[in-house]
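Chain and residue survey
For reference, the chains in residue letters:
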Amino acid sequence: MTTTLDLVPRYGAYRRAVGTFTVGQLAREAGVNVETIRYYERRGLLPSPPRTHAGDRRYSEDDIWRLAFVRRAKDLGFTLA
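The structure contained in this document is the topic of the report that follows. These figures come from a predicted structure and were not determined experimentally. (Residues numbered from 1 in each chain as written. Predicted model: local features only at pLDDT ≥ 70, side-chain atom pairs only at ≥ 80, totals over all residues. Heavy atoms only, no water.)

It is worth spelling out the pattern of salt bridges at this point. Under the counting rule described, the total for this entry stands at one salt bridge. Residue glutamate 41 is joined to arginine 57 by a salt bridge in which the shortest nitrogen-to-oxygen separation is 2.4 Å. Taken together, the residues glutamate 41 in helix H2 (residues 34-43) and arginine 57 in the loop between H2 and helix H3 (61-75) connect sequence positions 16 residues apart. Look at arginine 57 and you get partly exposed, because its relative accessible area is 25%. (Salt bridge = Lys/Arg side-chain N within 4 Å of Asp/Glu carboxyl O. Helix = DSSP H or I, 4+ residues; strand = E, 2+ residues; numbered from the N terminus. Buried < 20%, exposed > 50% of the residue type's maximum accessible area, 1.4 Å probe, protein only.)

Right, dumping it as structure tokens:
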């Protein structure tokens, strides 16, 4: 049995690669609209997720964290720029 230490889960090479959420599930978990997720991907605020063999996008818990961060920043008055 091997375990992987994830000491820095949200940055660079240490980011977890396992996608566990569909775009709909991600939107519900983060409290945003699906179109908001697509828009953030186009703007570069959210990295393009890995895809399954069927072409489905799979998001991780890190993506939920990033969306919640952007949402909180917007609530505090920051712009996307």
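Don't stop here, the text continues.
Using a relative accessible area of 13% as the deciding quantity, one classes glutamate 41 as buried. Residues within four places of glutamate 41 in sequence aside, it is in contact with Leu46, Pro47, Pro49, Arg57 and Tyr59. (Contact = heavy atoms within 4.5 Å.)

Turning our eyes to something else, we now look at the packing of aromatic side chains. This model, assessed by the stated rule, comprises two aromatic pairs. With a centroid separation of 6.3 Å and 50 degrees between ring planes, the pair formed by tyrosine 39 and tyrosine 40 is classed as tilted. On the basis of relative accessible area, tyrosine 40 is assigned to the buried category, the value being 5%. Ring geometry for tryptophan 65 versus phenylalanine 69: centroids 5.7 Å apart, planes at 15 degrees, classification stacked. (Phe/Tyr/Trp six-rings, centres within 6.5 Å; stacked < 30°, edge-to-face > 60°.)

Close contact between helix H1 (residues 23-30) and H2 brings their axes to 8 Å; oriented N to C, the two are set at 100 degrees. Put simply, H1 runs roughly perpendicular to H2. For the pair formed by H1 and H2, the contact residues are Val23, Gly24, Leu26 and Ala27 on the first element and Val34, Ile37 and Arg38 on the second. (Axes fitted to C-alpha atoms, helices over the stretch in contact; angles between N-to-C directions. Parallel < 35°, antiparallel > 145°, perpendicular 65-115°, else oblique.)

Remember that the coordinates give geometry; whether it matters functionally is a separate question.
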